[in-house]
Amino acid sequence: KSANNKSGKRAKITGPRDRGATSMQGRGPDFRTCQTVVELADLARCHLDSMSNRDIAAFWSILPRLLRNRGAQDPNLEEKLRCVIGTTCTRMHSFQCRDLAQTSLGIAKTISQVSRGNQQYRADDPRRVM
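Residues numbered from 1 in each chain as written. Predicted model: local features only at pLDDT ≥ 70, side-chain atom pairs only at ≥ 80, totals over all residues. Heavy atoms only, no water.

(A) A look at the confidence of the model for the protein chain. Confidence in the prediction of the protein chain, expressed as mean pLDDT, is 80, and 69% of residues score 70 or more. Low confidence marks residues 15-25, where pLDDT is under 50. Its contacts with residues over four positions away, or in another chain, come to nine contacts. (pLDDT = per-residue confidence, 0-100. Contact = heavy atoms within 4.5 Å.)

(B) Representation of the packing of helix H2 (residues 53-66) against helix H4 (residues 97-114). Contact pair H2 / H4: the axes reach a minimum separation of 8 Å and the direction vectors enclose 25°. When the axes of H2 and H4 are compared, the pair comes out roughly parallel. Two packed elements cross with a definite hand, and for H2 against H4 that hand is left-handed. Contacts between H2 and H4 involve Asn53, Arg54, Ile56, Ala57, Ala58, Trp60, Ser61, Leu63 and Pro64 on the former and, on the latter, Arg98, Asp99, Gln102, Thr103, Gly106, Ile107, Lys109, Thr110 and Gln113. Taken together, the residues that form the contact of H2 with H4 break down as seven nonpolar, seven polar and four charged. (Axes fitted to C-alpha atoms, helices over the stretch in contact; angles between N-to-C directions. Helix = DSSP H or I, 4+ residues; strand = E, 2+ residues; numbered from the N terminus. Parallel < 35°, antiparallel > 145°, perpendicular 65-115°, else oblique. Left-handed = near helix turned anticlockwise from the far one by under 90°. Nonpolar A, V, L, I, M, F, W, Y, C, P; charged D, E, K, R; others polar.)

(C) Quick peek at the pattern of salt bridges. Under the counting rule described, the total for this entry stands at five salt bridges. Between Lys80 and Asp74 there is a salt bridge, with its nearest N and O atoms 2.7 Å apart. Overall, Lys80 belongs to the buried group, its relative accessible area being 16%. Judged by its relative accessible area of 19%, Asp74 falls in the buried class. Within the structure, one salt-bridge network assembled from shared partners comprises Asp42, Asp74 and Lys80. (Salt bridge = Lys/Arg side-chain N within 4 Å of Asp/Glu carboxyl O. Buried < 20%, exposed > 50% of the residue type's maximum accessible area, 1.4 Å probe, protein only.)

Next up, the structure:
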């Protein structure tokens, strides 16, 4: 695709998937399709060994948004989240600045959501597991 820019020269128009790290997205799991914490944890657990640091950061970035959504119950959710937490802690020393910042912010938002007040969460609420 191309279009004329202000100087009248032809400029290539690129979509968001044509730039930088986003074009690498095809290698790891696409967490953007997940609707619940259970789906997110399942996808992460299945791909944990092959996930890049950027993938781990994406997991933590999406987790706080999904905490409010109720979904199917999973008795193994805690174990799956512990695996992701363990991998994150083990590999965090090798994160680049962007991934470290994104992961840290996601963890902070998650902690903020689960520690609001002294609320009692239902047994099927992912915030209780966290």
